[in-house]
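# Summary of the model geometry
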Amino acid sequence: MSFDYVIVGCGMFGSVFARCVAERGKCALVVDQRNHIGGNCYTEEVAGVHVHRYGPHIFHTNSAAVWRFVNRFAEFNQYRHRGAVRHGERLYSFPINLLTLHQIWGVTTPAEAAAKLAEVRVPNDATENLEDWILSQVGRELYEIFVRGYTTKQWGREPRDLPASIIRRIPIRLSYNDRYFDDQYEGIPRGGYTRLFDAMLDHPNIRVETGVDFFADAARLRGLGQTLVYTGKIDEFFDYRFGQLDYRSLRFESETLDGDFQGAAIVNYTEAAVPFTRIVEHKHFDPQPGSRTVITREFPQAYDVTQIPYYPIRDARNTAMYERYRTVAAESGVLFGGRLATYQYYDMHQVVAQAMTMAARALDSGHGPQLRAA
């Protein structure tokens, strides 16, 4: 059988792209090395709880078009993420908001909070690294409680050696708004993300094969389709000709328990001495009847090619290396999309939008390989 598109990767980008082209009358073969669909968004039921196997995923967006698209395949609940941080024996509201500042400094009004922040900030005209930027915003005490230990664990590097872009996406508010995301739309698919992917890929023009190693079977797979769409690591696709891009990986330890362990979906542990960065209690994302709960401790770790790459480390060296890969990719006739293929940390809604846009361009041009600049 011949396909219009052979898509490598059955995560968010590959699945959305497949659905978009299928609805325009094109046939797509989607393959994935894992034995399941959904990529890192995959959820499985354990003791009646929908567990996010590869870490928590909270869908949020300001795009009405993206929200309409995903809601075609799942009913989303009304989950709104509100974080909590544990440092020592104390719990704090997070992201930093007026309640957080009251818990630490006793301030009660936005004016008092603004005055205190102005007092503790560390002025710095050069705030390109993470440490300098956050110190210039909230000062040393908040940096030590919320940022330093967590960041060092997460990235395996000192905050001064990381770009400020990593921390700038986290809001700092002088109100009691404790929502993590400001987006208009937010929620979790009822029944878990795997159900959403099942529905998205349920189309007569889409064929899915799991447990397929693209690189071991590249010649056959390339021969099955007119256009190859690749969502894996861009450096691996080109056999690491310019070197290996750096990532951080994760290790998960899960337990099934009785009752309610922590009363929230996610609690971050920000002390460097605590080896994990957070505990996820999955039942709070998509509550179901039942007395059992599943918790997962998340341990960041160094990445090698035997592990799953989760977070690209976009420092100057890696960004320059990626640009070399992007140049050859743009001339390859292959479509590259998603986090790994564009070496960019995207939220899910950004991946959906990227896949929708790239599919439309490819269809309108008859092929049109496009590699979006990061």
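Given the structure is predicted, the values throughout are model-derived calculations rather than measurements.

How each quantity is defined
- Residues numbered from 1 in each chain as written.
- Predicted model: local features only at pLDDT ≥ 70, side-chain atom pairs only at ≥ 80, totals over all residues.
- Heavy atoms only, no water.
- Pairing = 2+ DSSP bridges.
- Helix = DSSP H or I, 4+ residues; strand = E, 2+ residues; numbered from the N terminus.
- Contact = heavy atoms within 4.5 Å.
- Axes fitted to C-alpha atoms, helices over the stretch in contact; angles between N-to-C directions.
- Buried < 20%, exposed > 50% of the residue type's maximum accessible area, 1.4 Å probe, protein only.
- Arc of directions from axis to C-beta.
- Polar contact = N/O pair within 3.5 Å; in protein donor to acceptor, adjacent residues only side chain to side chain.
- Salt bridge = Lys/Arg side-chain N within 4 Å of Asp/Glu carboxyl O.
- Phe/Tyr/Trp six-rings, centres within 6.5 Å; stacked < 30°, edge-to-face > 60°.

Moving on, we come to the sheet that holds strand E10 (residues 225-230). Within the open sheet, the five strands sit side by side as E9-E2-E1-E10-E16. Their pairing is parallel. Strands with a single pairing partner mark the edges of an open sheet, and in this sheet they are strand E9 (206-210) and strand E16 (335-336). Where E10 meets E16, two bridges bridge the pair, whose relative direction is parallel. Looking at E16, one finds that Val229 is bridged to Leu335. Along the sheet face, helix H1 (residues 12-22) touches strand E1 (3-8), strand E2 (28-32), E9, E10 and E16 and points at about 170° away from the line of E1.

One face of the sheet, then the other: side chains in a regular strand alternate in exactly this way. As paired strands, strand E3 (residues 43-46) and strand E4 (residues 49-52) are joined by four bridges and run antiparallel to one another. In the sheet register, Val46 faces E4, and the bridge partner there is Val49. Hairpin connection from E3 to E4: two residues lie between these consecutive antiparallel strands, with Ala47 at a positive phi of about 55°.

Here we take up helix H3 (residues 98-105). Within the sequence span of H3, burial applies to Leu98, Thr100, Leu101, Ile104 and Trp105. The arc that holds every buried residue of H3, seen down its axis, measures 155°, which confines them to one face. Where H3 is buried, its residues contact strand E7 (90-94), helix H4 (110-120) and helix H5 (130-155). Between the side-chain oxygen at the start of H3 and the backbone nitrogen of Leu99 there is a gap of 2.8 Å, and the oxygen is on Asn97.

Another point: the pattern of salt bridges. Taken as a whole, this structure holds 24 salt bridges when the rule is applied. Note that Arg173 is salt-bridged to Asp182, the shortest N-O span being 2.7 Å. Since its relative accessible area comes to 9%, Arg173 is described here as buried. Asp182 gets classed as exposed once you look at its relative accessible area, which sits at 55%. For Arg278, the salt bridge is made with Glu298, and the minimal N-O distance between the two is 3.1 Å. Remark: Glu298 occurs in strand E14 (residues 292-302) and Arg278 occurs in strand E13 (residues 278-281); sequence separation between them is 20 residues. A single burial state applies to Arg278 and to Glu298, both of which are buried. Several salt bridges share partner residues, and in doing so they unite Arg157, Asp246, Asp315 and Arg317 into one network.

In this section: the sheet that holds strand E11 (residues 247-258). The sheet built from seven strands is open, its strands ordered E7-E6-E12-E13-E14-E11-E15 with mixed pairing. On the outer flanks of this sheet lie E7 and strand E15 (311-312), each paired with one strand and no other. Those strands touched by H5 are strand E6 (83-87), E7, E11, strand E12 (266-269), E13, E14 and E15, and its axis lies near 85° from that of E7.

Quick look at the packing of aromatic side chains now. The geometry of an aromatic ring pair comes down to the distance between the two centres and the angle between the two planes. In this structure the tally under the stated criterion is 32 aromatic pairs. Here Tyr230 and Phe336 contribute two aromatic rings whose centre-to-centre distance is 5.8 Å and whose plane-to-plane angle is 70°, an arrangement assigned as edge-to-face. One end of the pair, Tyr230, is in strand E10; the other, Phe336, is in strand E16, with 106 residues separating them in the sequence. Residue Tyr230 is classed as buried on the basis of its relative accessible area, which comes to 2%. On the numbers, 6.5 Å between centres and 40° between planes, the contact of Tyr310 with Tyr311 is tilted.

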